[in-house]
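Examining the three-dimensional arrangement
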Amino acid sequence: MYNNNQYTKTSQYWRAVRTIIWKDLSIEMRKKTLVSALLIFSVMVTLVFTFALDLDKSTKDNIAVGVLWVTFVFSSTLGLNQTFANEKSQNSLEGMLLSPIDYTAIFVGKFISTYIFVIIVEIIVVPMFYILYGIPLFSPLFLLIVLLGSFGYTLVGTLLASIATRTRAREIMLPILLLPVAMPIIIASVQCSNAILSGAHWGQFSNAFNLVIVYDIIFLGVAIMTFDYLIQE
Amino acid sequence: MCMINVKSVSKSFGMKQVLKNITLNIAPGEFTTLIGPNGSGKTTLLRIIATLLRPNSGQVTIAGLDLNTSSHAVRQLLGVVSHHTLLYDNLTAYENLLFYARLYSIKDYANRISMVLDKVDLTESKDILVRTFSHGMQQRLSIARAILHNPRVILFDEPHTGLDQNNSVRLDQILQSTSTSGNTVLMITHDIKHALALSDKIAVLHKGEVVYQGSTAQLSFDEFAHKYHEIINV
Amino acid sequence: MPKPNPRLQLMTVSSLILIILSVYMVLIYAPREIIMGDVQRIFYYHVSSGWIAALAFLVTLITSIIFLATQNKSYDRVAMSSAEIGVIFTTMNIVSGSIWARPVWNTWWTWDPRLTTATIMWLLYIAYLFLHAGLEGHDRRRHITAVYGIVAFISVPLTFMAIRIWRTIHPVIIGSADPDAEGQFDMTARMTTTLLFTASTFTVLYFTILWHRVRIQSLFEYMSKLQYQMYND
């Protein structure tokens, strides 16, 4: 046989995933345009909110978490628009479709690399909020909800970005498709973050916390099951 | 036995029927050119053979493997050079090949990569970003990418488009050497001269149907050009 | 060439008669509610249109799944048509609720869980129709919209749960009553009969419109085919 591999299916799958992540990170390391653009955008969104709402001390405390999540949502959407757009220039998505890999590996790879970019942006934006709004953002539970919330948002975003790139007005289509679907996780994450930062005990936010996890799991399943239908021509 | 076996394949996009009941057999080691005017359905047929599109009806097998049921095994046997290079502008030539080597699970990838780079004469430029490559270099790297996993079947989609004389001659040499090393090659083009010079067999596709099939051995350029224009002008 | 369908004509006429009867039921047969007065009568149409919206989106979900499983185009036509009708009935549901809320809650709008969920559901299916339009002529349009139809439906109950974390003031007429709800009332036998009658009327109306819409879609596709043949043969 010409088939020159003796690897198992699972290791082949994860090698494909790792390769796609490696490729996306190498390109970003070289270009540095995506992460830096997202960061600048995040800072600007924050400033616009600060001035538009003309925050005094008490409103600042009430609204900081909301502003933080809006900033995440906006900058992630911007980043998600780029994930599949990058594959368009030399049609390299087709190169992946031609190779003997499971198509969901493309989804998982693209999702993880986008998630890494989103986390990098969050690592810088969260301390910025600590400085600007002076609220205790460094609680482990709060950081966990930031990670879990953006996991779900990026996950659904990657799935819908693969759809949006196929439409005529793809830049504008992604937020239209994504925001209503992502509403539950945005609401639950904001509720949860607010409760955690105001020192509420577990019983007061366990529902919201569980909902974030349920959302992540359900849409991970949906994405894996449906991606094959979306990516093929 | 046939290497590529296309059996009564039809494909429509919406209302438009692009391929009408196509049947085509290509023997192992044969260099076949599919020629036809724009809109004749040749790219669609190539994309179906490349597992990128699914036909509405009919069956395609490659080395006896059905495209629907064993697509992974088929993709391992196929190398595709398309209109686009399928390369990443911001990776070096070596990194691009490494990316594909991993996707194809090639074990001795370091050797394979240096071998194909040598073949397309790009060894010296292997650490240069692809976006700085000329069109001809990108095209050659694209061929290196397609033959990296040592495919038994290579599909070329109009490889001569946009190349200057010099690069075109170089491409012909590479094409010749891929076919003499025992691979089955299917090339699509609308250029009669290249079709006759390179291939063993030629097939003409017109309005989604195979209207002519034959060997190129006894075919002279003028004779065929006359015949071809007669066919497509009907 | 599809012929006029006598069964569809029968359904159209029955819907018309049923609607006239339901107007009689709602305005004359049903008793006047003591506290809220005549404005309460909008409740019958409000609940019925809400029921049809839910039914329509459920039909979109089921036919989308069947389409992906069978690749039979007629299911895709039903899915898209049903989503369109669902959007119309959601609009009716929201508008009628708003008209009722003005005198009873003393406001046109409040961010109550049901209202918010209805609005987000409305946006989800508008996005679905946007996507359908944005993929005009795309070979994989049916598959892509079917996946979005599934994703959209899953996110509706999650949205409801997310917003339930806030307290509700929406009255619960059917099922367990919340003592804090404003505009609560007990249904008399005549009211129940009227509600069941309007809900059934709307159900018949829904299937009539759906049938018409699917038929128009098939005729449209048939016409495009003829048009194509005319220009290409």
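Residues numbered from 1 in each chain as written. Chains lettered and ligands numbered in written order. Predicted model: local features only at pLDDT ≥ 70, side-chain atom pairs only at ≥ 80, totals over all residues. Heavy atoms only, no water.

1. Describing the overall build of chain A
Within chain A one finds 8 helices and 0 strands. Its helices and strands taken in sequence order, chain A reads α-α-α-α-α-α-α-α from the N to the C terminus. Computed over its C-alpha atoms, the radius of gyration of chain A comes to 19 Å, within 12% of the 17 Å expected for a compact globule of 233 residues. Expressed along its principal axes, the backbone C-alpha trace of chain A runs to roughly 70 × 35 × 30 Å. Of all 233 residues assigned to chain A, the portion counted as buried reaches 56%. In chain A, 81% of the contacts between residues at least 6 apart in sequence involve partners at least 24 apart. Across chain A, 14 positive and 13 negative side-chain charges occur, with their mean positions spaced 7 Å apart. (Helix = DSSP H or I, 4+ residues; strand = E, 2+ residues; numbered from the N terminus. Rg over C-alpha atoms; globule rule 2.2 N^0.38 Å. Buried < 20%, exposed > 50% of the residue type's maximum accessible area, 1.4 Å probe, protein only. Contact = heavy atoms within 4.5 Å. Lys, Arg positive; Asp, Glu negative; His and termini not counted. Charge placed at Lys NZ, Arg CZ, Asp CG, Glu CD.)

2. Considerations on the nonpolar core
Among the nonpolar cores identified, the biggest contains 184 residues, and B:Leu141, B:Leu155 and C:Tyr148 are the most heavily contacted of them. Every residue in contact with B:Leu141, bar those within four places of it in the chain, is listed here: B:Leu87, B:Ala93, B:Leu97, B:Leu117, B:Leu122, B:Val130 and B:Phe133. If you look at the next biggest cluster of nonpolar residues, it comprises 13 residues, including B:Ile192, B:Leu196, B:Val204 and B:Tyr228. (Core = buried A, V, L, I, M, F, W, Y, C linked by side-chain atoms within 4.5 Å.)

3. Looking at the packing of helix α1 (residues 6-29) of chain C against helix α6 (residues 189-232) of chain C
All names here are of chain C. Relative orientation of the contacting elements α1 and α6 amounts to 155°, with a least axis distance of 9 Å. The angle between α1 and α6 falls in the class roughly antiparallel. α1 and α6 meet at a crossing whose hand is left-handed. Tallied by class, the residues present in the contact of α1 with α6 amount to 13 nonpolar, 9 polar and 3 charged. (Axes fitted to C-alpha atoms, helices over the stretch in contact; angles between N-to-C directions. Parallel < 35°, antiparallel > 145°, perpendicular 65-115°, else oblique. Left-handed = near helix turned anticlockwise from the far one by under 90°. Nonpolar A, V, L, I, M, F, W, Y, C, P; charged D, E, K, R; others polar.)

4. Quick notes on the side chain of A:Thr71
By secondary structure assignment, the location of A:Thr71 is in helix α3 (residues 57-85). In this structure, A:Thr71 is in contact with A:Ser42, A:Val45, A:Thr46, A:Val125 and A:Phe129, ignoring residues within four places of it in sequence.

5. Some points on the packing of aromatic side chains
By the definition in use, this model includes 20 aromatic pairs over all chains. Relative to A:Phe72, the ring of A:Trp69 lies with its centre 5.5 Å away and its plane at 85°, an arrangement referred to as edge-to-face. In this pair, A:Trp69 and A:Phe72 are both assigned in helix α3, 3 residues apart and thus about one turn of the helix distant. A relative accessible area of 5% places A:Trp69 in the buried class. Residue class for A:Phe72 comes out buried when judged on its relative accessible area of 3%. Both rings, one in A:Phe111 and one in A:Tyr115, keep their centres 5.7 Å apart while their planes meet at 15°; by these two values the pair is stacked. Taken together, the residues A:Phe111 and A:Tyr115, both in helix α5 (residues 103-133) and 4 residues apart, mark about one turn of the helix. A:Tyr115 matches A:Phe111 in its accessibility class, with the two residues each being buried. One Lys or Arg, B:Arg102, reaches over the ring of A:Trp22 and ends 4.8 Å from the middle of that ring. Above the face of the B:Tyr100 ring, B:Arg145 is positioned so that its terminal group lies 5.6 Å from the ring centre. (Phe/Tyr/Trp six-rings, centres within 6.5 Å; stacked < 30°, edge-to-face > 60°. Lys NZ or Arg CZ within 6 Å of the ring centre and 35° of its normal.)

6. Structural notes on the side chain of A:Thr77
All names here are of chain A. Examined against the element boundaries, Thr77 turns out to sit in helix α3. A distance of 2.7 Å separates a polar atom in the side chain of Thr77 from a polar atom in the side chain of Tyr153. Setting aside anything within four residues of it in sequence, one finds Thr77 in contact with Tyr153, Leu174, Pro175 and Leu178. (Polar contact = N/O pair within 3.5 Å; in protein donor to acceptor, adjacent residues only side chain to side chain.)

7. A word on the interface of chain A and chain C
Taken residue by residue, the interface counts 28 residues in chain A and 28 residues in chain C. Taking both partners together, chain A and chain C bury about 2,600 Å²; carbon and sulfur atoms supply 79% of that area. Where chain A packs against chain C, one counts 0 salt bridges. The interface formed by chain A and chain C includes 4 residue pairs in polar contact (both at pLDDT 80 or more). Here the residues of the side of chain A that touches chain C sort into 20 nonpolar, 4 polar and 4 charged. (Buried area = accessible area lost by both parts, 1.4 Å probe. Salt bridge = Lys/Arg side-chain N within 4 Å of Asp/Glu carboxyl O.)

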